[in-house]
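Observations on the three-dimensional arrangement
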Amino acid sequence: MHDSAERCDAPKCQAETRVAVQSDLFSWITEGVTDSNPQKIRWVTGPAGTGKTAVMGSLADTCENEGMLVASFFFASWSKSTLRRRKTAFIPTLAHQIAQHSQALKDALESVIEENPVVFNKTLKVQMELLILEPLRRTTHEFDRSQWPRAILIDGVDECEAEQYHDPKAPVRERAKEDDQEEILRVLHQAAVDPAFPFRIVIASRPERVFREFFNPQRFETLESNSPEELSRLRASFAPPIDLHEQYNANDDIMLCLRSRFNQIRRRHKLPSSWPSPSVIQLLVDQASGQFIYITTVIRFLTDSRLGDPQTLLEVVLKVTNAAQGSKDGHNPFLHLDILYLHILESNPDPHLAVKWIWILNDCTQRPLELAGPIAISPYAFNHDRQRPAATYINQWLQLLDGGAEHLFGTLHSLLKVPGSKVVDEPYSFYHKSLIDFLRNPQRCGRLYVEEDERRAFFWDRYLRVCDSKSFYLSLISANLTRLIYVAQDKV
C-alpha cells in the first residue's frame, strides 16, 4: 500500500512540481465518470528516472486526503518483502482495502472466503472474481456508489517478479516475469469491464513490450469471437495513456526541485547565498533531459561527506558535465546520467570488482539462474523465500575475501543504500533500477561491462574460496551460508 511502513522514505513529488500531470490524473479520476463513454483504466508510463513512482505516491496522498482513494499497491523489485515483488498478495491486498469502505462489503467478503477457503491458492482471475467482483455484486443495491471514492492506484507492475510453481527439475518452461505482469493487467481489465466495478484504475510502469502491447487498443481487432459492440466496449475501457517524458515538460519541475535541495545543502553547510549560480542550476536542468533520477543522483553525490564538501563535489559534477558535452553520442537519452554513473563507479578503489559485487547484490534479488547459468542450480535453494540476504552476511564475505565492505562500497553511497554496521537484518539495495540498466548495456557502461560468463565465474571462484577457507570468518558465516550462495542440487 502507498502508506505502508516500508515506503516511509519513498519518493514523492517536490512541492509545486508535477502539478499538471497530477491534476490531469485527479480530474480523470473524479470527473471522468461523467464522460459519455466512461473509461476505467489509464496507463502512466515513461523511461527510468522520469518520476513515475513519485507521481503515483503523491497522487495517492492527494486522493486519500480528498476521500477518493479506494486502494493502492506499489510493487518494488528492491523490497525485502516478497509480497511486494510478486503477485501473491496483490488481489487480497486490494480486496481488503476495498472492503474497508463498507460494512456490507466486509460481510460479503467474509462470506465469500468462508464459502471458498482455498481462494488464496487460486489464479488471479478467480481471486478477482471471488474477492472483489462477487462482493461488489452482492452489495450493488445496498448503498449509493456515486458517493464512493474512485481511485485504485497500481505502481511498478514492470517490477513484479515471476512466481514459480514447478520443481526446477521438471521439464517445463520457467515462468517469466512478463507472464505474471500480463496476468495482472488482464485481471485488472477483467474488473474494469464488469458492470459491478465502479472504480477507476491508474497503472504506472515503464514502457516495456508487454505493456505497450496490452494498452494498444488495436489488439482487440484480432478478437473474432466478440461482437462489434463488445469490441467497442473493450476498446473504450482504456483512457489515453500518459507519457511523462513525451507529454509533460519536466524542466520547470526539475528547476524547482534543484533550487529547494540546494537551499537545504547551503543552509546545512553554511555556504554563501550565491552558491550555486543560476547558470549552474540551468546547466544541470539541461543535462537532466527530463529525468529526475539524474538530479536525485547528483544531490546524493553532493551530500556524501565521504567524498568531500558540496562545493568541491559540485565542481566534479560540472567537469563530468563538460565531458558529456564533448561526447559524440547524441542518440543516447541517458548520456549525462551514464557519465555520472561512470565517474562515481570509477572513483572506487577497484571499479571492476565493485561492479561484479553490484551484480552479485542484484542477482540475489532478481534471478539466481542469471548468475548460475546452465549449471543445475535450484532457484529456490538460495534463500528459499528469495528474500535478499542481510548486508551483514554480504559483508562477512567481503571482509573474508576482498578487504572489507567499506573499502569496496565506501564511495558508492550515492548509488547504493548501505545499511549501518549495527543494523542486523537490513539488505543492500539500489536507489534506482537505472543503475542495472546502465551496467547491462555495454554501449552505455563501456569498460565497466561484465559479461554474464565472467560474472558466473567470479561467483563460483568466491564460493569455492569460501569453501576452502579455514579462517575464523568461515565459522561466523557457516550457519547462514545458504542465505548468500546458490547451492548445487547435484554436483558443482
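Now for a look at the structure at hand. Remember, it's a predicted structure, so these values are computed and weren't measured experimentally.

**Observations regarding the sheet that holds strand β1 (residues 41–45)**
Here 5 strands make up an open sheet; going across it, the order is β2-β3-β4-β1-β5 and the pairing parallel. Because the sheet does not close on itself, it has two edges, and the strands there are β2 (69–74) and β5 (242–243). Taken together, the 5 bridges between β2 and strand β3 (residues 151–155) define a ladder with parallel strand orientation. Paired with F73 across the strands is I154, a residue of β3. The sheet contacts of helix α1 (residues 19–31) involve β1, β3, β4 (200–205) and β5, and relative to β4 the element is tilted by about 150 degrees.

**Remarks on the pattern of salt bridges**
This structure, assessed with the given rule, holds 20 salt bridges. Close ionic contact of R86 with E163 constitutes a salt bridge, the shortest N to O distance being 3.1 Å. With a gap of 77 residues between them, R86 in the loop between α3 (82–85) and α4 (90–99) and E163 in the loop between β3 and α7 (177–192) connect regions that are remote in the sequence. With respect to burial, R86 and E163 carry one shared label: buried. With its nearest N and O atoms 3.9 Å apart, the salt bridge here joins R440 to D437. Linking R440 with D437, this pair stays in helix α20 (residues 434–440), spanning 3 residues, or about one helical turn.

**Describing unusual backbone geometry**
Each neighbour pair has its own omega, and for W275 with P276 the value is -15 degrees, a cis peptide bond. The backbone of K270 shows a phi angle near 55 degrees, a positive value even though the residue is not glycine. Its location among the elements puts K270 in the loop between α11 (251–269) and α12 (278–288). Here K270 falls in the exposed class, since its relative accessible area comes to 74%.

**Considerations on the side chain of K356**
Checked against the element boundaries, K356 lands in helix α16 (residues 351–365). Under the relative-accessibility criterion, K356 is labelled buried at 17%. A polar atom in the side chain of K356 sits 3.4 Å from the side chain of E454. Aside from chain neighbours lying at most four places away, what touches K356 is V450, E454 and F458.

**Examining a negative patch on the surface**
On the surface, D107, E110, E114 and E142 cluster together into a negatively charged patch. Within the element layout of this structure, D107 appears in helix α5 (residues 103–115). Since its relative accessible area comes to 36%, D107 is described here as partly exposed.

**Looking at the packing of helix α6 (residues 124–138) against α7**
Interhelical geometry of α6 versus α7 gives an angle of 35 degrees and a closest axis separation of 9 Å. Relative to α7, the crossing made by α6 is right-handed. Contact residues: α6 offers L124, K125, M128, E129 and L133, while α7 offers E183, I184, V187, L188, Q190 and A191.

**Looking at the environment of I265**
Summarising the element assignment, I265 is placed in helix α11. Along the sequence, I265 and Q311 sit 46 residues apart, while their C-alpha atoms lie 10.0 Å from each other. In this structure, I265 is in contact with L271, W275, I299, L302, T303 and P310, ignoring residues within four places of it in sequence.

**Things to note about the environment of H336**
Mapped onto the elements of the fold, H336 is located in helix α15 (residues 335–346). Sequence separation of H336 and L284 is 52 residues, and the distance between their C-alpha atoms is 9.6 Å.

**A short note on the packing of aromatic side chains**
This structure, assessed with the given rule, holds 13 aromatic pairs. Judged by centre distance (5.3 Å) and plane angle (85 degrees), the ring pair of F73 and F90 falls under edge-to-face. Of the two residues, F73 is situated in strand β2 and F90 in helix α4; the sequence distance between them amounts to 17 residues. Per residue, the accessibility class of F73 equals that of F90, and both read buried.

Analysis parameters
- Residues numbered from 1 in each chain as written.
- Predicted model: local features only at pLDDT ≥ 70, side-chain atom pairs only at ≥ 80, totals over all residues.
- Heavy atoms only, no water.
- Pairing = 2+ DSSP bridges.
- Helix = DSSP H or I, 4+ residues; strand = E, 2+ residues; numbered from the N terminus.
- Contact = heavy atoms within 4.5 Å.
- Axes fitted to C-alpha atoms, helices over the stretch in contact; angles between N-to-C directions.
- Salt bridge = Lys/Arg side-chain N within 4 Å of Asp/Glu carboxyl O.
- Buried < 20%, exposed > 50% of the residue type's maximum accessible area, 1.4 Å probe, protein only.
- Polar contact = N/O pair within 3.5 Å; in protein donor to acceptor, adjacent residues only side chain to side chain.
- Patch = residues over 30% accessible without salt bridge, like charges linked within 9 Å, V, L, I, M, F, W, Y side chains within 5 Å.
- Areas by Shrake-Rupley, 256 points an atom, 1.4 Å probe, with all protein chains shown as cover.
- Lys, Arg positive; Asp, Glu negative; His and termini not counted.
- Charge placed at Lys NZ, Arg CZ, Asp CG, Glu CD.
- Left-handed = near helix turned anticlockwise from the far one by under 90°.
- Phe/Tyr/Trp six-rings, centres within 6.5 Å; stacked < 30°, edge-to-face > 60°.

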